[in-house]
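An overview of the molecular structure
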Amino acid sequence: HFFKQKTAYEIHERLVGSEMCIRDRFSAQYRRVRQKLASAIEENRAEVIRNGDKIIVRLASQGSFKSGSADLQQGFEVLLDDVGDALTGIEGLITIEGHTDNIPISSFGSRFRSNWDLSAGRSGAVADYLLTKYSFDSGLMVSGLADTRPLASNNTDEGRAKNRRIELVVDGSF
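The structure reproduced in this document is the subject of the present report. (Residues numbered from 1 in each chain as written. Predicted model: local features only at pLDDT ≥ 70, side-chain atom pairs only at ≥ 80, totals over all residues. Heavy atoms only, no water.)

Helix and strand content of the protein chain: five helices and five strands. The order of helices and strands in the protein chain, counted from the N terminus, is α-α-β-β-α-β-α-β-α-β. Within the protein chain, buried positions represent 39% of all 174 residues. Accessible surface, the protein chain as shown: approximately 10,200 Å² in total, 50% of it carbon and sulfur. (Helix = DSSP H or I, 4+ residues; strand = E, 2+ residues; numbered from the N terminus. Buried < 20%, exposed > 50% of the residue type's maximum accessible area, 1.4 Å probe, protein only. Areas by Shrake-Rupley, 256 points an atom, 1.4 Å probe, with all protein chains shown as cover.)

Structural data, given as structure tokens:
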């Protein structure tokens, strides 16, 4: 009877220790991503945020895509190379999320039918670019979220600019 209790306790300790090891490793990954993107963060071209089991790399919209387009701007590719370097070898499923403001796409005369199409096209373009140079062992997914997750009010130019973005979300729970 004593032996079984001790074994159950040891198993519990081992599981808790394993969970702590995973959290420590995820924290180390977060610090590594922030370090590798330090200059982009300093220049306000990127933010790196930790939200529970997620690392969010938020890329500023300025210089990324022309209005109503999913074609990467040349200067944006330099930032994507930095992001690719930072995320290479990271553990966790990476989702590339495209976000837009609430201005309907039809006002731009674009090939996209809606902000849903545009946001998906942009996240797909980022994934295509990254996958030509980098591999992500834990997987890569794309998602177009249109204007469903605004960071700021869409009532001002500044707010809409903040809402137009690409986010690379590393899910450490996978």
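Back to the write-up after that little detour.
Next up on the list: the pattern of salt bridges. By the definition in use, this model includes eleven salt bridges. A salt bridge links Arg45 to Glu43; the nearest nitrogen and oxygen atoms lie 2.7 Å apart. Notably, a salt bridge pairs Arg165 with Glu167, separated by 2.8 Å at the nearest N-O pair. Each member of the pair, Arg165 together with Glu167, is buried. Overlapping salt bridges bring together Glu47, Arg58, Arg165 and Glu167 as one network. (Salt bridge = Lys/Arg side-chain N within 4 Å of Asp/Glu carboxyl O.)

We now examine the sheet that holds strand S4 (residues 140-144). Judged by pairing direction, the sheet is mixed, and its five strands sit side by side in the order S1-S2-S5-S3-S4 without closing on themselves. Only two strands of the sheet have a single partner each, and these edge strands are strand S1 (46-51) and S4. Each neighbouring strand pair of the sheet contributes to a mean axis angle of 20°, computed without reference to strand direction. Relative to S4, strand S3 (residues 93-99) runs parallel, the two sharing five bridges. Paired with Ile96 across the strands is Val142, a residue of S4. The strands that helix H4 (residues 115-133) touches are S3, S4 and strand S5 (165-171); relative to S4, the one it contacts most, it runs at about 155°. (Pairing = 2+ DSSP bridges. Axes fitted to C-alpha atoms, helices over the stretch in contact; angles between N-to-C directions. Contact = heavy atoms within 4.5 Å.)

Looking now at the nonpolar core. Grouped together as the largest cluster of nonpolar side chains are 30 residues, with contacts concentrated most on Val57, Leu59, Leu87, Leu130 and Leu168. Listing elements by their share of this core, those giving two or more residues are helix H1 (2-36), S1, strand S2 (54-60), helix H3 (74-87), S3, H4 and S5. Tallying contributions element by element places H3 first for this core, with six residues. Beyond its immediate stretch of four places on either side in the chain, Leu87 contacts Val33, Val57, Ile94, Phe136, Leu168 and Val170. (Core = buried A, V, L, I, M, F, W, Y, C linked by side-chain atoms within 4.5 Å.)

Before going further, it helps to spend a moment on unusual backbone geometry. Positive phi, close to 60°, is recorded for Asn44, a residue that is not glycine. Summarising the element assignment, Asn44 is placed in the loop between helix H2 (38-42) and S1. A positive phi angle, near 50°, is found at Ala146, a position not held by glycine. Secondary-structure assignment places Ala146 in the loop between S4 and helix H5 (157-163). Using a relative accessible area of 1% as the deciding quantity, one classes Ala146 as buried.

Its 19 residues give H4 an end-to-end C-alpha distance of 28 Å, which sits within 8% of 27 Å, the value for a rise of 1.5 Å per residue. Here H4 has its buried residues at Asn115, Leu118, Ser119, Arg122, Ser123, Gly124, Ala125, Val126, Ala127, Tyr129 and Leu130. (Expected span 1.5 Å × (residues − 1).)

Looking at where Asn115 falls in the secondary structure, it is placed in helix H4. Residue Asn115 is classed as buried on the basis of its relative accessible area of 10%. Apart from the residues within four sequence positions on either side, Asn115 is in contact with Thr100, Asp101, Asn102, Ile103, Pro104, Ile105 and Ala146.

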